[in-house]
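Listed below are the residues making up each chain.
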Amino acid sequence: MTVIYEGQGHWWLPGREDKKVPGTITFDSEKGGNLSLIGALSHWTEYAEVVPTEGGGVMMEHTAEVEERSGSYPRIYGEVNGKAVTLEDAFQTHSKGNLFGRGSEEQIFVNRLFTELWWGEGESAEVTAFAVNMAYLNDWAIEKYIGETHVFHDDEPGRLKRWELNVEARPARVTNLDDGVTLTLRHHIGIGGRRSTERHLSQGYSLRLDFPALTPVDDAVDVASDFQDLVSIATGRNAEYQHIFGYHPDLKRTLDPDDNTKDQPFPFELFATWNIRDRAAKPDEIANHQLFFTFDDLGGMEGITKWMRAAKQYRSTLGRTMAIRAREGMFMSDRLLNYTAALEGFDREKTGITVKDLPARLRRCVDLAGEPFKELTGHVTWWVEAVTWHRNDIAHHLGREPRGPAVQQHYLAESLYWLAVYAMLREADAPQEVYDRIGAHQHFLYLGPKIRAAVTAYGQAAAHPSPAASPAPALEAASTPSTAADAEATPDAATATDAAEEAMPDDAASANTAPGPDAATDTAPEQP
């Protein structure tokens, strides 16, 4: 558990300032917020309808509607250390007290927390600017390393006389996006350490988005997530949000009463749980050679502008793809199914074609991705057939373990992820340097042969199917060699392609001829 915010204070509901309750808020980056109250914000009797009885008395009806309304808190106000706090999208998880009296304690789950302000009752959370710190942005956008100079004694070689560090401020890099939004990469310099015994320099970058008018926080987060997905793809890591600050025209502060400049914009901070979590062994730390491509490879701010335009159009596909990538503990079959559904959505958005034809959609995506992806698979026809067969087997056998071997599903799922990445990069008109660097990456050099082996195994099984069985047994045997000799015997991409061309026509995937009980026709429903 990583606590990112904690404080004690008093809490109340909008319009009920006279009923403040003491309690502690703890916000965890993975589990969300928990408000622990000594007392309760409300009781079900406050929402119950008073009904007269036959004897002249009254009774309170504890209906399902009352139960739904009680303990549900769209907004809670708080004051922690004299500062305003707003909690949003909260609900009761535990309460203790008697039947009719106010509770003696209450536990509340909190989905979002805003510092420094109270949103008005019924007012939506909006911003005119958003500033975001995210993992790996520093290493991805770096322009120049911190300078370092060692000065040694003239008369004692090897003995350090002076050690100098220097860092130079860099100008902000700015680009204008659609709808009047301005995106800025800001360079920051920092110092730290006790001056008597320790001192260090630091530099880093933050993302800032300026909007032409008040914009809902959720919409601002969407734009920031498009950039976050770019950094995650480029680094191969989860570019987690570290801090998010919002600016509202009514939130200003005079920091120095003697200063002639008054009412400076002052940010609030947003805390929430996010899908993209940095789980690396060394969080927010990556070497240059580990990057799949750099800021400069993409073409700098011009490349970012093109990416943000494409990401806006295909935000659903992009967000879904990266959420799948970031999630831990997902079954390989589910990962393959969801990646496939994301690509179906991409093709549907791009072409407007609603016909349920998975092989055709995959082929169009492959054609868009181009040679780098075709080389990754070794043979497009077999790859399309393999993905279609596995997708149908998974989708049609809910409640049973899919028959496709896990090793095949894993590497086919990996290929689907990279197909989505390549398709997005093509839509963003990424320079050739991006594809060259991805193809030369150590991970890609490892992944390519694995994917081609999986595709080859499927193609060989499909070309000579057993009358009594699906290709899964042969697929598993061919893709998981038991000895080093078997591994060396796996045909390379060129051999696999030649064998495939002799074994089946190139348009076999279009005809959906992959063997297996459910692959004859593509009847699995398209995923939303």
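Residues numbered from 1 in each chain as written. Predicted model: local features only at pLDDT ≥ 70, side-chain atom pairs only at ≥ 80, totals over all residues. Heavy atoms only, no water.

1. Digging into the packing of aromatic side chains
(1) Moving on: In total, this model carries 21 aromatic pairs according to the counting rule given.
(2) Moving on: An angle of 50° between the planes, with centres 5.3 Å apart, marks the rings of Y5 and F271 as tilted. One end of the pair, Y5, is in strand β1 (residues 3-12); the other, F271, is in strand β18 (residues 268-272), with 266 residues separating them in the sequence.
(3) Moving on: A residue is classified by how much of its surface remains accessible, and Y5, at 16% relative accessible area, is buried.
(4) Moving on: Judged by centre distance (5.7 Å) and plane angle (70°), the rings of W12 and W118 are edge-to-face. Taken together, the positions of W12 in strand β1 and W118 in the loop between β8 (105-115) and β9 (126-134) put the pair 106 residues apart, joining distant regions of the chain. (Phe/Tyr/Trp six-rings, centres within 6.5 Å; stacked < 30°, edge-to-face > 60°. Helix = DSSP H or I, 4+ residues; strand = E, 2+ residues; numbered from the N terminus. Buried < 20%, exposed > 50% of the residue type's maximum accessible area, 1.4 Å probe, protein only.)

2. A word on the pairing of strand β3 (residues 32-37)
(1) Moving on: Sheet analysis places strand β2 (residues 21-28) next to β3, joined by six bridges and oriented antiparallel. Paired with I25 across the bridge in β3 is L35.
(2) Moving on: Examined bridge by bridge, β3 and β8 share five bridges and lie antiparallel to one another. Bridging across to β8, S36 finds its partner in Q107. (Pairing = 2+ DSSP bridges.)

3. Section: the packing of helix α7 (residues 358-369) against helix α9 (residues 380-396)
Helix-helix packing is described using two parameters, namely the angle between the two axes and the distance between the axes.
(1) Moving on: Close contact between α7 and α9 brings their axes to 10 Å; oriented N to C, the two are set at 135°. Looking at the two axes, α7 sits oblique to α9. Seen from above, α7 lies across α9 with right-handed handedness. Along the contact surface, α7 presents L358, P359, L362, R363 and V366, while α9 presents V380, T381, W383, V384, V387, T388 and R391.
(2) Moving on: Counted by class, the contact of α7 with α9 contains eight nonpolar, two polar and two charged residues. (Axes fitted to C-alpha atoms, helices over the stretch in contact; angles between N-to-C directions. Parallel < 35°, antiparallel > 145°, perpendicular 65-115°, else oblique. Left-handed = near helix turned anticlockwise from the far one by under 90°. Contact = heavy atoms within 4.5 Å. Nonpolar A, V, L, I, M, F, W, Y, C, P; charged D, E, K, R; others polar.)

4. Re the packing of α9 against helix α10 (residues 406-427)
(1) Moving on: Running from N to C, α9 and α10 point in directions that differ by 115°, and their axes come no closer than 11 Å. Taken as axis vectors, α9 and α10 run roughly perpendicular relative to one another. Considering only the axes of α9 and α10, their crossing is left-handed. Counting all contacts with α9, which are made through W383, A386, V387, H390 and I394, the residues of α10 involved are Q408, Q409, L412, S415, L416 and L419.
(2) Moving on: The residue inventory of the contact of α9 with α10, partitioned by class, reads seven nonpolar, four polar and no charged.

5. Let's talk about the pairing of strand β14 (residues 200-216)
(1) Moving on: Here β9 pairs with β14 via six bridges, running antiparallel. Its bridge partner being in β14, V127 is matched across the sheet by T215.
(2) Moving on: Relative to β14, strand β13 (residues 182-192) is paired through 11 bridges, and the arrangement is antiparallel. The residue of β14 that forms the bridge with I189 is Q203.

6. A few points about the confidence of the model for the protein
Note that predicted coordinates carrying low pLDDT should not be read in detail.
(1) Moving on: Taken residue by residue, the protein gives an average pLDDT of 82. The fraction at 70 or more is 78%.
(2) Moving on: The model gives residues 464-528 a pLDDT under 50, and that stretch makes 111 contacts with residues more than four places away or in other chains. (pLDDT = per-residue confidence, 0-100.)

7. Side note on the pattern of salt bridges
(1) Moving on: Scanning the entire structure with this criterion turns up 21 salt bridges.
(2) Moving on: With a shortest N-O distance of 4.0 Å, E30 and R277 are connected by a salt bridge. Of this pair, E30 sits in the loop between β2 and β3 while R277 is found in the loop between β18 and α4 (300-313), placing the two residues 247 residues apart along the sequence.
(3) Moving on: A network of salt bridges, in which partner residues are shared, links E30, E240, R277, R279 and E328. (Salt bridge = Lys/Arg side-chain N within 4 Å of Asp/Glu carboxyl O.)

8. Overview of α4
Residues that lie three or four places apart on an α-helix share one face, since the helix turns once every 3.6 residues.
(1) Moving on: For α4, which comprises 14 residues, the first-to-last C-alpha distance of 21 Å matches the rise-based estimate of 20 Å (1.5 Å per residue) to within 8%.
(2) Moving on: Every buried residue of α4 is accounted for by G300, M301, G303, I304, T305, W307, M308, A310 and A311.
(3) Moving on: Summarising the contacts, the buried residues of α4 are in contact with α2 (137-141), β12 (173-176), β13, α3 (217-235), α5 (315-326) and α10. (Expected span 1.5 Å × (residues − 1).)

9. Looking at the environment of K312
(1) Moving on: Along the polypeptide, K312 turns up in helix α4.
(2) Moving on: With 134 residues separating them in the primary sequence, K312 and D178 have C-alpha atoms 9.4 Å apart.

10. Considering a nonpolar patch on the surface
(1) Moving on: A contiguous nonpolar patch, built from F152, L160, W163 and L165 and spanning about 400 Å² of accessible area, is present on the exposed surface.
(2) Moving on: Looking at the nonpolar patch, the element that brings in the most residues is strand β11 (residues 160-166), giving three residues.
(3) Moving on: Positionally, L165 belongs in strand β11. (Patch = residues over 30% accessible without salt bridge, like charges linked within 9 Å, V, L, I, M, F, W, Y side chains within 5 Å. Areas by Shrake-Rupley, 256 points an atom, 1.4 Å probe, with all protein chains shown as cover.)

11. Focus: the side chain of T184
(1) Moving on: Relative to the helices and strands, T184 resides in strand β13.
(2) Moving on: With a relative accessible area of 5%, T184 lands in the buried category.
(3) Moving on: Not counting chain neighbours up to four residues away, the residues in contact with T184 comprise A172, R173, V174, S206, L207 and R208.

12. With respect to the environment of A135
(1) Moving on: Looking at where A135 falls in the secondary structure, it is placed in the loop between β9 and α2.
(2) Moving on: When the C-alpha atoms of A135 and P283 are compared, they prove to be 7.6 Å apart, with 148 residues separating the residues in sequence.
(3) Moving on: Residues contacting A135, with those up to four places away along its chain left out, are V231, N238, A239, E240, Q242, D278 and D284.

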